[in-house]
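Inside the fold
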Amino acid sequence: MAMAALDYAGAVVRGVKSVERDGKPAKAVIATATYDTDLEDLWHAVTTADRIKRWFLPISGDLKLGGRYQLEGNAGGTITDCDAPHFFATTWEMMGQTSWLEVRLTSAGAGRSTLELSHIAIVDEAFWPTYGPGAVGVGWDLGLFGLQRHIENPAAERPPEGVAEWQTSPEALQFYRAASTAWGKAAAADGMVNAAEAAENTRKFYSGEA
């Protein structure tokens, strides 16, 4: 049976870490989820263009170490590290800004595998206090929920949440609230004073209320 959006939102482990990148303060927004498939299949799902488009976005480019990629209507970048089937890293270049993506896969035993996605960005002193990690985090929650649906049904051309009608459905609104709240708690654990307020701003943004 397919996992419901709200159940998936509750199954993701979220973390925020204060780090340094290029000598500047940065934040690592970390999402971890476990999938009912083996390590090799999960690696194939997250590194192969034909499968990436089925759960995330169409992607073009040279998907190998040193290659450039471009997600349709979204970020592009360079693949800077690759250790198949366990780890890859890329730059994440969008709207003149560069951040960094790291993806780690590990076997969870009994035909299951765990994915840890870390998105690292230099702190924006205007954006971060307003939205915290949720602006990036909820977006990745949605993408990784698409991955969950893809693992459940690899033949599907696109996950239900990729359809515009789903994005304003009651299920989607519940998902945005649950995920935003969870990212707020992760931000608070990292020391963000107004984490709850930022989480509510994120929820409103994704719900179309802002």
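Look above for the structure.
Conventions used here
- Residues numbered from 1 in each chain as written.
- Predicted model: local features only at pLDDT ≥ 70, side-chain atom pairs only at ≥ 80, totals over all residues.
- Heavy atoms only, no water.
- Helix = DSSP H or I, 4+ residues; strand = E, 2+ residues; numbered from the N terminus.
- Rg over C-alpha atoms; globule rule 2.2 N^0.38 Å.
- Buried < 20%, exposed > 50% of the residue type's maximum accessible area, 1.4 Å probe, protein only.
- Contact = heavy atoms within 4.5 Å.
- Areas by Shrake-Rupley, 256 points an atom, 1.4 Å probe, with all protein chains shown as cover.
- Lys, Arg positive; Asp, Glu negative; His and termini not counted.
- Charge placed at Lys NZ, Arg CZ, Asp CG, Glu CD.
- Pairing = 2+ DSSP bridges.
- Core = buried A, V, L, I, M, F, W, Y, C linked by side-chain atoms within 4.5 Å.
- Axes fitted to C-alpha atoms, helices over the stretch in contact; angles between N-to-C directions.

Looking now at the overall build of the protein chain. Along the protein chain, the regular secondary structure elements total eight helices and eight strands. At 16 Å, the protein chain has a C-alpha radius of gyration in line with the 17 Å of a compact globule built from 210 residues. Looking at the protein chain residue by residue over its 210 residues, the buried ones come to 44%. Here the contacts in the protein chain between residues at least 6 apart in sequence split such that 53% fall between residues at least 24 apart. Total accessible area computed for the protein chain in this model is approximately 10,500 Å², and 54% of it derives from carbon and sulfur atoms. Between the mean site of the 18 positive side-chain charges and the mean site of the 27 negative ones, the protein chain shows a separation of 2 Å.

This paragraph deals with the pairing of strand 7 (residues 97-109). Relative to strand 7, strand 6 (residues 87-94) is paired through eight bridges, and the arrangement is antiparallel. If you follow Thr 90 over to strand 7, its bridge partner there is Leu 101. If you look at the hairpin formed by strand 6 and strand 7, you'll find two residues sitting between the two strands, and Met 95 has a positive phi there, around 55°. Two strands pair when backbone bridges link them, and strand 7 and strand 8 (residues 112-122) are joined in this way by nine bridges, in the antiparallel orientation. If you follow Val 103 over to strand 8, its bridge partner there is Leu 117. What sits between strand 7 and strand 8 in their antiparallel hairpin is a turn of two residues, with Ala 110 showing a positive phi close to 55°.

Attention now moves to the nonpolar core. Within the largest apolar cluster, 48 residues are counted, with the highest numbers of intra-cluster contacts made by Tyr 35, Leu 115, Leu 147 and Phe 175. Beyond its immediate chain neighbours, meaning those up to four positions away, Leu 115 contacts Ala 31, Thr 32, Ala 33, Tyr 35, Leu 42, Val 46, Val 103, Arg 104, Leu 105, Leu 144 and Leu 147. Listed in part, the five residues of the second largest apolar core include Ala 26, Ile 30, Trp 100 and Ile 120.

As a further point, take the sheet that holds strand 5 (residues 76-83). Across a sheet, paired strands are connected by hydrogen bonds in the backbone, their directions being either parallel or antiparallel. Read across the open sheet, the eight strands follow the order 1-2-8-7-6-5-4-3; overall the sheet is antiparallel. Looking at the sheet topology across the chains shown, the edges are occupied by strand 1 (13-21) and strand 3 (59-61). In this sheet, adjacent strand axes meet at a mean angle of 25° when their direction is disregarded. Strands in contact with helix 2 (residues 39-47) are strand 2 (24-35), strand 5, strand 6, strand 7 and strand 8; relative to strand 7, the strand with the most contacts, it is inclined by about 160°. Packing of helix 5 (residues 134-152) onto the sheet brings it into contact with strand 1, strand 2, strand 6, strand 7 and strand 8, and relative to strand 2 it is tilted by some 25°.

The residue Ser 60 is located in strand 3 in this model. What makes Ser 60 partly exposed here is its relative accessible area of 42%. Sequence separation between Ser 60 and Asp 50 is ten residues, and the spatial gap between their C-alpha atoms is 9.8 Å. Setting aside its immediate chain neighbours within four residues, Ser 60 contacts Arg 68, Tyr 69 and Gln 70.

Along the chain, Thr 90 turns up in strand 6. Thr 90 sits in the buried class, given a relative accessible area of 6%. Discounting residues that sit within four places of it in the chain, Thr 90 has contacts with Tyr 69, Thr 78, Ile 79, Thr 80, Ser 99, Trp 100 and Leu 101.

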